[in-house]
Amino acid sequence: RSCVGCVWLGGYKNSEKSRSVIGKVSTHCVQEVADNREYLKSILETLLFCARQGIAIRGHRENEESINKGNYQELLNLRSKDNDIIKRYYIEKEKSFRYVSGEYSNQFLEYMAKVVIKSNVDDVLTAGIFGVIIDETQDLSKHEQVAIILRYVNNDFEPIEAFLGFYKTDSTDGLTLYLLIKNTVLFNGLKLENLRGQCYDGAASMRGSYKGVQSRIKEENSLALYVYCNAHILNLCLIDLAKQVSYVRNVFGTLKTLHNFINGSSKRQAIFDKIRLKLNLKICDGQTNLKSLSDTR
């Protein structure tokens, strides 16, 4: 009986120190929640790194047999060597969830983008007034993408340009682009009456005096001054000027012909490389291939 009493007394004292079973379960639950959050934070940091560096995220194949699952998952494999949470949850699969599928990645990236956009918009709201810079171009899938940039001045009177996003459009006429810009500005909590500057290229749909974007916006806000993009004007002037000077025109024409001639054959490219190495010539600080001429660059 005395031995049983000692065991009971010892168990009672231990229970006082470690508290009840419910307390232990609660502590375990708290720790589990903390670990889950730490894992989620780790994979978000990894995904954010890939996004900031502008590198591809998904791999061609991401099954267990793949030797290269893409930058995102391969970076998680690397981080697992010194990150216990990633090792337990991602490598050893301690939990059934890993949150690394394409669907989750897209959701996380969308949340991150919203945070960045909100931060930019908050800065614009603090500045009070702002301008917009708009341009459009086709992407690789032949869809028209409109880039919208907000320009404002911070408290130190420094001009800041904040990228708002790419927006797909099915048409590039003045009315469609005007509605796209207006709806985007309003959707982000900004007011069109606080717009003070518009900067576009010389396309009729943008600078048109009657049906262009700038004229439609001026109908609602006469203070939104339109400025023809100075960089675009300078580019067009230099192109036209170069074509008027015979020496310059001939040089560019010869360089273009030379590029087409060399790049049209691997044998001619090999001969060019041998001559370049023999003469110890450098192209564009180490660039080994000739680049074609471009009017816009």
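In every chain, residue numbers begin from 1 and rise along the written sequence. The predicted origin of the model limits local features to residues at a pLDDT of at least 70 and limits the giving and counting of side-chain atom pairs to 80 or more, whereas totals for whole chains, interfaces and linings rest on all residues. The side-chain values count all of the structure's non-hydrogen atoms but skip hydrogen atoms and water molecules.

Student: How do you make sense of the overall build of the protein chain when you look at a structure like this?
Tutor: A run of H or I in DSSP counts as a helix once it spans at least four residues, and a run of E counts as a strand once it spans at least two, with each numbered from the N terminus. Scanning the protein chain from N- to C-terminus turns up 11 helices and five strands. Buried residues are those whose accessible area, probed at 1.4 Å on protein chains only, stays under 20% of the maximum for their type, while exposed residues exceed 50% and partly exposed ones sit between those limits. Residues counted as buried form 29% of the 297 residues belonging to the protein chain. By definition, residues are in contact when any of their heavy atoms lie within 4.5 Å. Across the protein chain, the fraction of contacts at a sequence separation of at least 24, relative to all contacts at a separation of at least 6, is 50%. Residue exposure ignores everything except the shown protein chains as possible cover, and the areas themselves are Shrake-Rupley values with a 1.4 Å probe. Of the roughly 20,900 Å² of accessible surface on the protein chain, a fraction of 57% belongs to carbon and sulfur atoms.

Student: Could you clarify how one ought to interpret the pattern of salt bridges in this entry?
Tutor: Note that side chains of opposite charge can pair when their charged atoms are close. By salt bridge we mean one thing: a side-chain nitrogen of Lys or Arg within 4 Å of a carboxyl oxygen of Asp or Glu. Inspection of every chain in the model, using the stated rule, returns 13 salt bridges. In this structure, lysine 95 and glutamate 32 form a salt bridge, with 2.4 Å as the shortest nitrogen-oxygen distance. Linking lysine 95 in the loop between helix H4 (84–91) and helix H5 (102–127) with glutamate 32 in helix H2 (residues 21–53), this pair joins segments that are 63 residues apart in sequence. Residue glutamate 32 is classed as partly exposed on the basis of its relative accessible area, which comes to 29%. With a closest N to O distance of 3.9 Å, lysine 93 and glutamate 64 form a salt bridge. Linking lysine 93 in the loop between H4 and H5 with glutamate 64 in the loop between H2 and helix H3 (71–79), this pair joins segments that are 29 residues apart in sequence. A residue is classified by how much of its surface remains accessible, and lysine 93, at 41% relative accessible area, is partly exposed.

Student: Quick question: what am I supposed to make of the nonpolar core here?
Tutor: Burial of nonpolar side chains together is a common tendency in soluble globular proteins. Here, nonpolar core refers to any group of buried Ala, Val, Leu, Ile, Met, Phe, Trp, Tyr and Cys residues whose side-chain atoms link them within 4.5 Å. Core analysis: the biggest nonpolar cluster contains 26 residues, and Phe130, Ile134, Tyr200 and Ile217 have the highest contact counts within it. Listed by contribution, the elements that provide at least two residues to this core are H5, strand S1 (130–138), strand S2 (144–153), strand S3 (159–169), helix H6 (174–187), strand S4 (195–200), helix H8 (213–220) and strand S5 (225–228). Per-element tally for this core: the top contributor is H6, with five residues. Excluding residues that lie within four positions of it along the chain, isoleucine 217 makes contacts with Tyr178, Ile181, Leu195, Gln198, Tyr200 and Ala224. Leu47, Leu75, Val100 and Met112 belong to the second-largest nonpolar core, a separate cluster that totals 15 residues.

Student: I'm lost on H4 in this one. Help?
Tutor: Along an α-helix, residues three or four apart share an orientation, since each turn contains 3.6 residues. Taken together, the buried positions of H4 are Ile85, Ile86, Arg88, Tyr89 and Tyr90. Down the axis of H4, the smallest arc covering the buried residues is 165°, so these residues share one side. One side-chain oxygen of the residue at the start of H4 lies 3.1 Å from the amide nitrogen of isoleucine 85, identifying that residue as asparagine 83. Immediately downstream of H4, the backbone of lysine 93 shows phi near 55°, a positive value. Picture the helix axis, draw a direction to every C-beta atom, and the arc is the one those directions span. Polar contacts here mean pairs of N or O atoms no more than 3.5 Å apart (in protein, one a potential hydrogen donor and the other a potential acceptor; neighbouring residues in sequence count only if both atoms are side-chain atoms).

Student: I tried to follow the pairing of S2 on my own but got confused; where do I start?
Tutor: Look at any regular strand and the pattern is simple: side chains alternate between the two faces of the sheet. With respect to burial, S2 is a largely interior element, seven of its 10 residues being buried. Strands are labelled as partners when DSSP assigns at least two bridges between them. Taken together, the eight bridges between S1 and S2 define a ladder with antiparallel strand orientation. By the bridge assignment, isoleucine 134 is partnered in S2 with isoleucine 148. Connecting S1 to the antiparallel partner S2 that follows it, the hairpin turn spans five residues, and lysine 142 within it adopts a positive phi of roughly 70°. Bridge count for S2 against S3 is 10 bridges, and the pairing is antiparallel. Paired with leucine 150 across the bridge in S3 is alanine 162. The antiparallel hairpin formed by S2 and S3 contains five residues in its connecting segment, where phenylalanine 157 sits at a positive phi of about 60°.

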